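Next come the chains, spelled out residue by residue.
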Amino acid sequence: MNTAGHSKATAPRGLELTPFRGLRYDPDRVGSLAAVTSPPYDVVVRPDGLHHLQSADPHNIVRLILPEAAAPEERNAQAAETLRRWRAEGVLTPDPEPGLYVYEQRDGAGLEQRGVIGALRVSEPDEHLVLPHEDVMPHIVADRADLMRATSANLEPLLLTYRGDDTTAGTAGLIERTAGRPPLLATTTEDGVHHRLWPVTDPAGLAVIRDELSAHQALIADGHHRWATYRRLRAEHPSPSPWDHGLVLLVDTARYPLRVRAIHRLLHGLPVARALGALDGFFRFRRLDLPLSKAMDALAEAAEEGNAFLLTGDDGAFHLVDRPDPALLDRTVPVDRPEAWRTLDATVLHATLLDHVWRVPDDPAHIAYIHDTAATVDKARRDGGTAVLMHPVHEDVVRELARQGVTMPRKSTSFGPKPASGLVLRALDL
């Protein structure tokens with residue numbers, strides 16, 4: 001029985017994280033656990049990264065989260081059939097009883113993050129329990145919804161954060177004690193990150209987490225499109241149903257601060273020379289004959305003084321763009337938002353540069369959103385487009401805007417580390 005599929009008659013006053021029977025790879029049926037994992041679907045750089053993961057193991061999770069076929073319907077049907085076959089063959093097997101999962105990520109450079117994976121009740125925006133900070137693209141929500149319907153599964157957890165305090169001391173202590181036990185699984189992915197997972201099935205421990213989180217709200221750190229998908233699918237199915245909940249990782253950032261990185265833009269069909277020419281009289285821009293790391297340092301320094309961007313393309317150089325004309329900003333940036341929103345680099349990029357200076361539509365035919373800085377640079381130089389490299393926003397700014405109900409331009413931030421896909425799945429029939 002799917003314990004996450006039945007909501008209580010009285011809505012909880014806060015977050016409701018529910019145990020579920022995790023669906024996991026059988027280590028004896030795959031080459032290695034590391035070989036079947038993947039970054040989240042929107043971080044995989046296609047097609048090179050996709051094909052690399054596919055070749056790592058025939059059962060890599062990308063065959064479910066990013067199936068390849070000629071048409072979307074075929075892709076989703078293929079993912080559903082693959083999931084059915086892997087379950088029938090015992091490649092993926094359910095855990096014996098419902099639980100939550102303590103999840104740890106650690107590397108050799110000081111990174112340590114721990115959180116709890118569970119099935120979270122999907123709440124409505126007016127409940128102010130799960131706070132988005134970015135807008136979403138409807139076509140991506142539709143694509144993820146089609147995949148989830150076809151597979152009847154949550155294939156990868158999205159990343160939510162909350163600010164722990166004295167009221168969550170029991171949850172924090174439980175996480176630390178659990179992490180001192182032998183794990184259910186442990187693996188090291190090719191990026192050098194060590195992953196460990198522990199089940200929490202003890203009723204007393206589950207009650208502590210349930211009661212303490214019920215007094216808190218969460219910020220969506222990564223997974224806005226999947227959360228919007230959860231909400232769409234919940235609305236399609238009469239409650240109670242398994243669609244009332246969605247798979248998440250909850251991390252207390254008071255104890256485990258996340259890294260916040262920028263998401264860069266690649267503008268197709270706009271050569272960097274033309275992009276720079278259109279800036280004349282509106283922004284200051286300077287050529288930097290520097291390696292990428294030094295150019296990003298220059299961007300960070302300029303960003304301390306105001307809006308700044310780093311452009312590059314097929315000319316092999318970096319161009320620091322800053323000091324926008326105040327009159328241009330007054331004409332182009334909406335005035336019905338808080339000052340913190342109006343001065344965001346992403347706001348100025350979209351409202352001023354893309355909409356008014358470059359006149360580039362915000363759709364997949366014209367803009368790609370890429371997390372990896374070097375990959376963005378390489379693609380721009382190879383394809384002849386313009387890479388717009390961004391400086392990250394501080395988490396406190398993101399959280400405060402979210403609390404005010406103000407969303408940032410889409411793909412404004414990249415929180416990490418993100419949970420690896422493939423360690424635990426949620427099938428809605430369990």
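Everything discussed here concerns the structure shown above.
All figures in this text were calculated on a predicted structure; none of them were measured in a lab.

Reading the values: the criteria
Residues numbered from 1 in each chain as written. Predicted model: local features only at pLDDT ≥ 70, side-chain atom pairs only at ≥ 80, totals over all residues. Heavy atoms only, no water. Helix = DSSP H or I, 4+ residues; strand = E, 2+ residues; numbered from the N terminus. Expected span 1.5 Å × (residues − 1). Buried < 20%, exposed > 50% of the residue type's maximum accessible area, 1.4 Å probe, protein only. Contact = heavy atoms within 4.5 Å. Phe/Tyr/Trp six-rings, centres within 6.5 Å; stacked < 30°, edge-to-face > 60°. Lys NZ or Arg CZ within 6 Å of the ring centre and 35° of its normal. Pairing = 2+ DSSP bridges. Axes fitted to C-alpha atoms, helices over the stretch in contact; angles between N-to-C directions. 1 Å grid on protein atoms, 1.4 Å probe; cavity = no way out; pocket = protein on both sides within 12 Å on 5 of 7 lines; lining within 4 Å. Points joined across faces, edges and corners; volume = space filled by probe spheres on them. Nonpolar A, V, L, I, M, F, W, Y, C, P; charged D, E, K, R; others polar. Left-handed = near helix turned anticlockwise from the far one by under 90°. Salt bridge = Lys/Arg side-chain N within 4 Å of Asp/Glu carboxyl O.

A. A look at helix 13 (residues 345-357). Here helix 13 contains 13 residues, and its C-alpha end-to-end distance of 15 Å is more than 12% below the 18 Å for a straight helix at 1.5 Å per residue. Helix 13 sits mainly inside the fold: 11 of its 13 residues count as buried. Taken together, the buried positions of helix 13 are occupied by Asp 345, Ala 346, Thr 347, Val 348, Leu 349, His 350, Ala 351, Thr 352, Leu 353, Leu 354 and Val 357. On its buried face, helix 13 is in contact with strand 14 (264-267), strand 16 (308-312), helix 11 (326-332), helix 12 (339-342), strand 18 (367-370) and strand 19 (386-389). Downstream of helix 13 by a residue or two, Arg 359 has a phi angle that is positive, lying close to 55°.

B. Layout of the packing of aromatic side chains. Evaluated as defined, the whole model comprises three aromatic pairs. Between Tyr 25 and Trp 86 the ring centres are 6.2 Å apart and the planes differ by 50°, which places this aromatic pair in the tilted class. With Tyr 25 in strand 2 (residues 23-25) and Trp 86 in helix 4 (residues 72-89), this residue pair connects regions lying 61 residues apart in the sequence. Residue Tyr 25 shares its accessibility class with Trp 86, and that shared class is buried. Positioned over the ring face of Trp 341 is Arg 337, at 4.5 Å from the centre of the ring. It is Arg 381 that lies over the ring of Phe 318; its NZ or CZ is 4.8 Å from the centre.

C. Summary view of the sheet that holds strand 19. Spatially, six strands are ordered 15-17-16-19-14-18 in an open sheet, and the strand pairing comes out antiparallel. The sheet terminates laterally at strand 15 (284-288) and strand 18, the two strands that pair on one side only. The sheet shows a mean angle of 25° between the axes of neighbouring strands, taken without regard to direction. For strand 15 and strand 17 (residues 318-322), the ladder comprises five bridges, and the chain directions are antiparallel. Looking at strand 17, one finds that Arg 287 is bridged to His 319. Strand contacts of helix 10 (residues 292-303): strand 14, strand 15, strand 16, strand 17 and strand 19, with the helix running at about 155° to strand 16, the strand carrying the most contacts.

D. Local environment of the layout of surface pockets. Roughly 1,100 Å³ of internal volume is contained in the largest pocket. Around the largest pocket sit 40 residues that line it, and Pro 39, Pro 40, Val 43, Asp 191 and Arg 261 are the ones nearest its centre. Secondary-structure elements contributing two or more residues to the lining of the largest pocket are helix 1 (33-36), helix 2 (48-56), strand 13 (259-261), helix 10 and strand 20 (414-416). Here the residues of the lining of the largest pocket sort into 20 nonpolar, 14 polar and six charged.

E. View of empty space enclosed by the protein. Enumeration over the complete set of coordinates arrives at two cavities of 30 Å³ or more. A volume near 110 Å³ is recorded for the largest cavity. Taken together, 14 residues form the lining of the largest cavity, with Asp 42, Glu 134, Asp 222, Gly 223 and Lys 411 sitting closest to its centre. At the level of secondary structure, the elements contributing two or more residues to the lining of the largest cavity comprise strand 11 (218-222) and helix 8 (224-236). With three residues, the single largest contributor to the lining of the largest cavity is helix 8. Residues that form the lining of the largest cavity fall into these classes: three nonpolar, five polar and six charged. In terms of lining, the second largest cavity is formed by Arg 144, Leu 147, Met 148, Ala 153, Asn 154, Leu 155, Glu 156, Arg 226 and Tyr 230.

F. Spatial organisation of the environment of Pro 67. Mapped onto the elements of the fold, Pro 67 is located in the loop between helix 3 (62-65) and helix 4. Distance from Pro 67 to Thr 82, taken between C-alpha atoms, is 9.4 Å for residues 15 residues apart in sequence.

G. Region of the structure containing the packing of helix 4 against helix 5 (residues 138-151). Helix 5 packs onto helix 4 with a crossing angle of 35° between their chain directions and a minimal axis gap of 8 Å. The two elements helix 4 and helix 5 cross, and the hand of that crossing is right-handed. Contacts from Arg 75, Asn 76, Ala 79, Ala 80 and Leu 83 of helix 4 reach helix 5 at Asp 143, Asp 146, Leu 147, Ala 150 and Thr 151. Split by residue class, the contact of helix 4 with helix 5 holds five nonpolar, two polar and three charged.

H. Broad picture of the pattern of salt bridges. Enumeration according to the criterion identifies 28 salt bridges in this entry. Close ionic contact of Glu 112 with Arg 114 constitutes a salt bridge, the shortest N to O distance being 3.6 Å. Relative accessible area serves as the criterion here: at 9%, Arg 114 is assigned to the buried category. Arg 342 is the partner of Glu 339 in a salt bridge, and the nearest nitrogen-oxygen pair spans 3.7 Å. Of the two residues, Glu 339 and Arg 342 both sit in helix 12, three residues apart, roughly one turn of that helix. On the basis of relative accessible area, Arg 342 is assigned to the buried category, the value being 18%. Within the structure, one salt-bridge network assembled from shared partners comprises Glu 104, Arg 106, Glu 112, Arg 114, Glu 176, Arg 196 and Arg 255.

I. Quick look at the environment of Leu 249. By the secondary structure assignment, Leu 249 is in strand 12 (residues 245-252). Of the residues examined, Leu 249 reaches a relative accessible area of 0% and is grouped as buried. Each C-alpha atom of the pair Leu 249 and Ala 142 lies 22 Å from the other, and the pair is 107 residues apart in sequence. Residues contacting Leu 249, with those up to four places away along its chain left out, are Tyr 103, Gln 113, Gly 115, Val 116, Ile 117, Pro 157, Leu 158, Leu 159, Leu 160 and Pro 419.

Don't take any of this as a statement about function, it's just geometry.
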